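Report on the structure
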Amino acid sequence: MSANAYGWVKALHIIFVASWFAGLFYLPRLFVNLAMVPPGSHAERERLLLMARKLYRFSSLLMVPALAFGLTLWLYFGMGRGPGQIWLHFKLLLVLGAIGYHHVCRKLLRDFEGFQNRRSHRWYRVFNEAAVLLFATITCLVVLKPTLG
């Protein structure tokens, strides 16, 4: 493939990753609001649950091409291959963490759906910051490409 194809794959990877993470930033904010809904506010709870379900589904759809384009960059174009590419190993580890975070969000959503939430809105505020830290760390690794030694 040409350098032009590489550029397109890289651009699409960045677009889908940023969009996926936008969902991971906002979904826990919906959890904060859900945790604060008064017990008798059925309509508000259902509206927030509907928003959370749709956002989770949409984020899941964005995650798949983000990972596919990333794998294409790695396996086909050879990004991160060769000596001194330890940054990619750390990035892949953090990407696995982001996928795990995504799945934890699904479990938390199911807890809200089943009236099983036991966490406070403050816990969700802290939980929300994990996605920001993952995104920031992954971005720094990709841009700076630090090496050991």
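So, here's what we can say about the structure.

About the criteria used
Residues numbered from 1 in each chain as written. Predicted model: local features only at pLDDT ≥ 70, side-chain atom pairs only at ≥ 80, totals over all residues. Heavy atoms only, no water. Helix = DSSP H or I, 4+ residues; strand = E, 2+ residues; numbered from the N terminus. Buried < 20%, exposed > 50% of the residue type's maximum accessible area, 1.4 Å probe, protein only. Contact = heavy atoms within 4.5 Å. Areas by Shrake-Rupley, 256 points an atom, 1.4 Å probe, with all protein chains shown as cover. Lys, Arg positive; Asp, Glu negative; His and termini not counted. Charge placed at Lys NZ, Arg CZ, Asp CG, Glu CD. Patch = residues over 30% accessible without salt bridge, like charges linked within 9 Å, V, L, I, M, F, W, Y side chains within 5 Å. Salt bridge = Lys/Arg side-chain N within 4 Å of Asp/Glu carboxyl O. Expected span 1.5 Å × (residues − 1). Polar contact = N/O pair within 3.5 Å; in protein donor to acceptor, adjacent residues only side chain to side chain.

Structural notes on the overall build of the protein
Helix and strand content of the protein: four helices and zero strands. Along the protein, helices (α) and strands (β) appear in the sequence α-α-α-α when read from the amino end. Dimensions of the protein, computed from the C-alpha atoms along their principal axes, are close to 60 × 35 × 20 Å. Within the protein, buried positions represent 36% of all 149 residues. A separation of at least 24 residues holds for 80% of the contacts in the protein among residues at least 6 apart in sequence. Total accessible area on the protein is roughly 8800 Å²; 69% of this is exposed by carbon and sulfur atoms. Between the centroid of the 17 positive side chains of the protein and the centroid of its 5 negative side chains there is a distance of 9 Å.

Here's the deal with a nonpolar patch on the surface
On the surface, F90, L93 and L96 cluster together into a nonpolar patch covering about 330 Å² of accessible area. Topologically, L93 is positioned in helix 3 (residues 86–113).

As for helix 2 (residues 42–76)
Across its 35 residues, helix 2 extends 50 Å between first and last C-alpha, which sits within 8% of the 51 Å expected from 1.5 Å per residue. The positive-phi residue at the C-terminal boundary of helix 2 is G78, with phi of around 80°.

Things to note about the side chain of S59
With respect to the helices and strands, S59 occurs in helix 2. Leaving out residues up to four positions away in the same chain, S59 has contacts with W20, G23, L24 and H102.

Overview of the environment of Q116
Note that Q116 resides in the loop between helix 3 and helix 4 (121–144). The class of Q116 is partly exposed, set by a relative accessible area of 45%. Of note is the side chain of Q116, whose polar atom sits 3.0 Å from the backbone oxygen of G114.

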